[in-house]
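Summary of the model geometry
Residues per chain, in single letters:
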Amino acid sequence: MSSGMDWIVSIAVCAMGIALSQLAGKRFVKKAAIPLPTALPPILLFLSLLLSLVTILPNELGLAEHLSGYLLIAHMVAGAGIIFLTPIVAILFCSLCQPCIASPFQQAARVLFWLSLIGICMAILTAMIAMTPLANTDWQHRLITFHRIGGLVSILAFSVFAGNTLILARRGKSNHAKSKFQARSDS
Amino acid sequence: MNATLWKLLLLPVLLIATVASPGDEGILQSNSQRPYSHRITLYDEEGRAIDPQDREPGLFSMMGTCGKCHDVSTISSGWHFNAVRDSVEKGRPGEPWILTDRRTGTQLPMSYRGWKGTWNPDELGISRSEFVRLFGRHLPGGGPGVPNEEAMDDPDTSWHATGPMEIDCNACHLRDRSYDPSQRQAQIEKGNFAYVSIATMGMGIVRGSVDESAETKTDDPLAMFDPALEDAQPGKVSLEIEYDLSRFDADDRVFFDLTRKSSEENCYQCHSRHVSEPEWASRSHYRDEDVHLDAGLSCTDCHRNGIAHDMVRGFEDESDADPFLQTLTCRGCHYGTEETANGRPGRLGSPLPDHHGIPPIHFEKMSCTSCHSGPIPEENPQIIQTSMSHGLGLAEFQTPGNKMPYIQQPVYIPGHDGKLTPHRLLWPAFWATQLEDGSITPILPQTVLENAADILTEEIEEQGLDKTTVQQVLETLNAADSTGRDVVYVSSGTVHSLEENGSFVTHTHPVAEPYAWPLAHDVRPAGRSLGAKGCQECHAPDSPFMFGNIPVISPTSGPGEAVRAMTDFSGLDEAYHTTFAEGFRYRKAFKVIGFIAGGLLAMLLLAFSVRALIHLSDRFGGTTS
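Note that the structure is a prediction, hence the values are computed from the model and not measured. (Residues numbered from 1 in each chain as written. Chains lettered and ligands numbered in written order. Predicted model: local features only at pLDDT ≥ 70, side-chain atom pairs only at ≥ 80, totals over all residues. Heavy atoms only, no water.)

Helices and strands together make up the secondary structure of chain B, namely 26 helices and 18 strands. A total of 625 residues make up chain B; the buried ones form 44% of that total. If you sum the accessible surface of chain B, you get close to 32,600 Å²; carbon and sulfur atoms cover 53% of it. (Helix = DSSP H or I, 4+ residues; strand = E, 2+ residues; numbered from the N terminus. Buried < 20%, exposed > 50% of the residue type's maximum accessible area, 1.4 Å probe, protein only. Areas by Shrake-Rupley, 256 points an atom, 1.4 Å probe, with all protein chains shown as cover.)

So, on to the overall build of chain A. Helix and strand counts for chain A stand at five helices and zero strands. Start at the N end of chain A and walk to the C end: the helices and strands fall as α-α-α-α-α. The buried share among the 187 residues of chain A stands at 48%. Summarising the internal contacts of chain A: among those between residues at least 6 apart in sequence, 79% fall at separations of at least 24. (Contact = heavy atoms within 4.5 Å.)

This next bit is on the interface of chain A and chain B. Contacts between the two partners involve 43 residues from chain A, matched on the other side by 38 residues from chain B. Summed over both sides, the interface between chain A and chain B buries roughly 3,400 Å², with carbon and sulfur atoms accounting for 76% of that surface. Taken together, the connections running from chain A to chain B amount to zero salt bridges. Run the count over chain A and chain B and you get eight residue pairs in polar contact (both at pLDDT 80 or more). When contributions to the side of chain A that touches chain B are tallied by element, the ones reaching two or more residues are helix 1 (3–23), helix 3 (70–93), helix 4 (107–130) and helix 5 (137–186) of chain A. For the side of chain A that touches chain B, the element with the most residues is helix 3 of chain A, which contributes 11 residues. When the residues that make up the side of chain A that touches chain B are grouped by side-chain class, the tally is 29 nonpolar, 11 polar and three charged. (Buried area = accessible area lost by both parts, 1.4 Å probe. Salt bridge = Lys/Arg side-chain N within 4 Å of Asp/Glu carboxyl O. Polar contact = N/O pair within 3.5 Å; in protein donor to acceptor, adjacent residues only side chain to side chain. Nonpolar A, V, L, I, M, F, W, Y, C, P; charged D, E, K, R; others polar.)

Glancing now at the confidence of the model for chain A. Mean pLDDT over chain A works out to 77, with 70% of the residues at or above the 70 mark. Here helix 1 of chain A is the element of chain A with the lowest mean pLDDT, 66, and helix 3 of chain A is the one with the highest, 90. (pLDDT = per-residue confidence, 0-100.)

Residues and elements named next belong to chain B. Relative to the helices and strands, Val146 is located in the loop between helix 5 (128–135) and helix 6 (149–153). Linking Val146 and Ser129, residues 17 residues apart in sequence, is a C-alpha distance of 8.9 Å. Those residues in contact with Val146, other than ones at most four positions away along the chain, are Pro164, Met165 and Glu166.

Let us now look at the packing of aromatic side chains. Overall, the coordinates contain 17 aromatic pairs over all chains when judged by the stated rule. Taking 4.9 Å as the distance between ring centres and 50° as the angle between the ring planes, the aromatic pair formed by A:Trp114 and B:Phe608 counts as tilted. Placement of the pair is A:Trp114 in helix 4 and B:Phe608 in helix 26 (residues 587–621), with the two residues belonging to separate chains. Residue classification places B:Phe608 among the buried residues on the basis of a relative accessible area of 6%. (Phe/Tyr/Trp six-rings, centres within 6.5 Å; stacked < 30°, edge-to-face > 60°.)

Turning our eyes to something else, we now look at the nonpolar core. In this structure, A:Leu45, A:Phe113, A:Trp114 and A:Leu117 are the most contacted members of the largest nonpolar core, which totals 29 residues. If you list the elements that add at least two residues to this core, you get helix 2 (36–60), helix 3, helix 4 and helix 5 of chain A together with helix 26 of chain B. With nine residues, the top contributor of residues to this core is helix 4 of chain A. Within the second largest apolar cluster, 28 residues are counted, among which are B:Ile188, B:Met388, B:Phe430 and B:Leu444. (Core = buried A, V, L, I, M, F, W, Y, C linked by side-chain atoms within 4.5 Å.)

All names here are of chain A. Residues Leu40, Leu44, Leu47, Leu50 and Val54 make up a contiguous nonpolar surface patch of roughly 420 Å² in combined accessible area. Inspection of the secondary structure assignment puts Leu50 in helix 2. Taking the relative accessible area as the measure of exposure, Leu50 reaches 34% and is therefore partly exposed. (Patch = residues over 30% accessible without salt bridge, like charges linked within 9 Å, V, L, I, M, F, W, Y side chains within 5 Å.)

Residue and element names in this part refer to chain B. Residue Gln409 is joined to Pro410 through a cis peptide bond whose omega torsion reads -10°. One can find Pro410 in strand 9 (residues 407–414). The amide bond that connects His521 to the next residue, Asp522, takes the cis arrangement and shows omega of 0°. Structurally, Asp522 can be placed in the loop between strand 16 (515–518) and helix 23 (544–547). Phi is positive for Asp317, close to 65°, though the residue is something other than glycine. Here the phi dihedral of His355 falls at roughly 50°; this positive angle occurs in a residue that is not glycine.

Put into structure tokens, the structure is as follows:
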């Protein structure tokens, strides 16, 4: 796979993410804090993505020729986490991350959310297709490239979104404390 | 007829005469794709034409005859003949000559090429003529069969009597099936090295022997079935040649049905294999040929050679100097190479492999032969016999199974390029002396027998060596060795010796490690390759490919007594691959969940993409709400 193709795919993924974050309908969402239980899946997903990144780092930095050995097993464990958590996160946050009139998320976080969803979707499907007897050797190489691009885009993008979620969750926690304090004062 | 027409008619005759005339014009060549019809006069070594009706006709010389037109000096540098030349690169390890003696429990891999793990016959004290007597049955001549002038003239050697064993061109190039390799063995046994070519192609009968000790009742290997010969007394017959006059035409020329490309039958003279285990041997008729032969190719379609007879061995990285060689590897033929065909695949009609669903890392870590060649690995490797090691092809009563030397296949070991490659493997076994620095030098079987024949009896030969026998022989040989060197017995991957107090000990040593050489045939088609039934053919905790057992089979240990794990040879991390293989139990579930998750995400993205399109339509189309 040429590096030109890498760039084209990467740019296409980014463009799709931005387009979705800007154009996927428009609805009013109450600007509210995120409850902590709701914030948990994106945080876990971020950790899974981080683990998958760490395992692939020696390979990406040219320190290892292949992803193999126990790093590969760790990468697959992280992959399992991503497969379980991403649909949950997507369902929980899709509406909140539309170009809302009053979204609790920052504009950048909303863009990156869609970007990471596209990246993860690409990474999952390419990995799964590669495990089936569908792709020949040339396509296996392409799938590995798409998997890598999808994975790298999603980890970079999702880290911002997860950070934003954590901030909102903390704000929710403090709002909750404030409201409890307010209620006690009123009584 | 006018003068011009005469000239035209004479022109081809003149041309042929010009080309055919001996002299400095160069080598005679036809340069046609049709092989030249070899109806030729026979010559002796001195270059004199042979008259078969002479009272004492000359001795046909292959070099003297073929050398009239072919550059035999260049040919003799070819792979099949150059092992004894110091200047030749040793190349990838190949099948050794195995010095085998059941009575002394010896199976010693030897090679003049210096492959690691083999012993040079010269250094062991085996003279070249002795080597020919041992292995000439499967030597195509040349190499150790042709001594230098000094050795030839040396009265202490037997060369002046036996003559050289010249390269026998007919062994490979004779197209008809009249070539008889068993006659080669018959002549070599009698020391008639120089008479091999006449006898093998049936051009005449060689009577008598240069070897005074040889009994020369008859050369017919099937003569034992004739009751009339039972009482006949063998005796010394004076050496003489009786040419078969029916092979000669009126001009004393002989027709040789020669082909440039050897047939696979000819290659099989020396490169046959036979699974010796009884359960396999009885099913040998179910065995398929190499898929390439079944497809109509011959060995020499890939294993080619030019006049230098430098056979293409067909492995990757065989030569950096000639990129063309890469087109004759598995990869080069099936995928094409950039250097010679701009990456065009399909040489010789080879199918382009798709390898659907196989992660590309397999092609970087494993050779093509890992999945496609040799037998499918089972819990224990097969024990096989080969032409070179077991004398296949000669008419002798075969005892099924348990016939030394014990060669096992397939054993997966990293090859010269680091890729996992199926190998054949032999555990060396031999008596030896060990110096204080630890170096070990083999003792030849006849030397062992000279001192310990009363212990190593014929019954022992039948039963095989046991620990007590080895101990007794060690005591005897140690007592007989006046130099003070320790006598040891190498077998089963260890060195057996006696302590000063007489106790029997074993220890490891590099020379006791097995010798292995890559196997490439028979090639199985895609549908019968390893992994065709799924990943778990290899990635399973009980997969023979990963976790098979290699019995340490040697004269002192029967099958199953000692076992080494396949991972000891493959270098694969057993703990990791067991863990990895366990993961494959859940692979199907993982894939289903993965596809569901990926599908959900894709649907969600699609749904929002539709909404984005509607939004665009709203914005630019000027609609509602």
